[in-house]
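In case you want the letters, here they are:
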Amino acid sequence: MLRSQFDQELNRMHVDLDRMCHLVVCAIENCVTAFKEQDYELAKDIIRGDKQINDVERSIEAECLSLILKQQPVASDLRDVSTALKVVTDLERIGDQSADIAELILEMQEIDSFLMIGHIQEMAKVATKMVKESLDAFHHHDLKHALKVKDMDQEMDRLFEKVRADIVQMIKESKDKGDLTINFLMIGKYFERIGDHVVNICEWIEFNQTGKLNNQRLI
């Protein structure tokens, strides 16, 4: 009876987690679309949608804590719940950073601003790919895939360095675009941080499968 109740609560938590994953994937995909197409209404939708992501995060946290405190899960279940508790934190931050990018998009009224710093386009593509593939690895408990996604962060770091170089060149060529260059730098930084949060998700997938984090056994 207790196990049946635990499984029901665990399933409810996973349903909410799936919902949060979907919301975050939509947020970053819409973020890239809003930037590329200068869709300011879509950017506003992303900002408004961040509250929904935050609400689902709080619900999942409460469910996870209830499972840990009331149900006394065994080691494998505890890893599952602990992983969810950690993953939602990184998902929430990805949602926040998508909203931060959307706010910057609303400030940038330049024609074809998406094309001004070419490497930001590449960062946006890689960030979107990393988020989607890490969550796919998470849902399928695919550690091998997660480790491949984790390695993609090196590409994100390389592209961010190129964005910084692009911005330096833009400043040299046009000193009247100070605010615009700062916005570009921040957008690049937010995409780079999204990559960092994906790395965290991949590390928690590893923990879920092995009980180890950074080669140290926890559970």
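Refer to the preceding data block for the structure.
Below: a short report on this structure. Fair warning: this is a prediction, and the values are worked out from it, not measured in the lab. (Residues numbered from 1 in each chain as written. Predicted model: local features only at pLDDT ≥ 70, side-chain atom pairs only at ≥ 80, totals over all residues. Heavy atoms only, no water.)

Assigned secondary structure in the protein chain consists of eight helices and two strands. Overall, the protein chain shows an N-to-C arrangement of helices and strands of α-α-α-α-α-α-α-α-β-β. Each principal axis of the C-alpha atoms in the protein chain carries an extent, and together these give about 70 × 35 × 20 Å. Burial analysis of the protein chain (219 residues in total) assigns 48% to the buried set. Sequence-distant contacts in the protein chain: of pairs separated by 6 or more residues, those separated by 24 or more amount to 82%. (Helix = DSSP H or I, 4+ residues; strand = E, 2+ residues; numbered from the N terminus. Buried < 20%, exposed > 50% of the residue type's maximum accessible area, 1.4 Å probe, protein only. Contact = heavy atoms within 4.5 Å.)

Orientation of helix α5 (residues 118-139) relative to helix α6 (residues 143-151), taken along the N-to-C sense of each, is 160°, at an axis distance of 8 Å. The orientation of α5 relative to α6 falls into the category roughly antiparallel. Once α5 is placed against α6, the crossing between them reads as left-handed. Residues Met130, Glu133, Ser134, Asp136 and Ala137 of α5 form the contact with α6, whose participating residues are His145, Ala146 and Val149. (Axes fitted to C-alpha atoms, helices over the stretch in contact; angles between N-to-C directions. Parallel < 35°, antiparallel > 145°, perpendicular 65-115°, else oblique. Left-handed = near helix turned anticlockwise from the far one by under 90°.)

It is worth spelling out the packing of aromatic side chains at this point. For the structure on display, the rule yields one aromatic pair. With a centroid separation of 5.2 Å and 85° between ring planes, the pair formed by Trp204 and Phe207 is classed as edge-to-face. In this pair, Trp204 and Phe207 both sit in helix α8 (residues 178-210), three residues apart, roughly one turn of the helix. According to the relative accessible area criterion, Trp204 is buried, its value standing at 14%. (Phe/Tyr/Trp six-rings, centres within 6.5 Å; stacked < 30°, edge-to-face > 60°.)

Another aspect to go through is the pattern of salt bridges. Going through the model one piece at a time under the given rule, you end up with eleven salt bridges. Between Glu133 and Lys129 there is a salt bridge; the shortest N-O distance is 2.7 Å. Highlighted residues: Glu133 and Lys129, both in helix α5, separated by four residues, approximately one helical turn. On the basis of relative accessibility, which here comes to 22%, the residue Glu133 falls in the partly exposed class. (Salt bridge = Lys/Arg side-chain N within 4 Å of Asp/Glu carboxyl O.)

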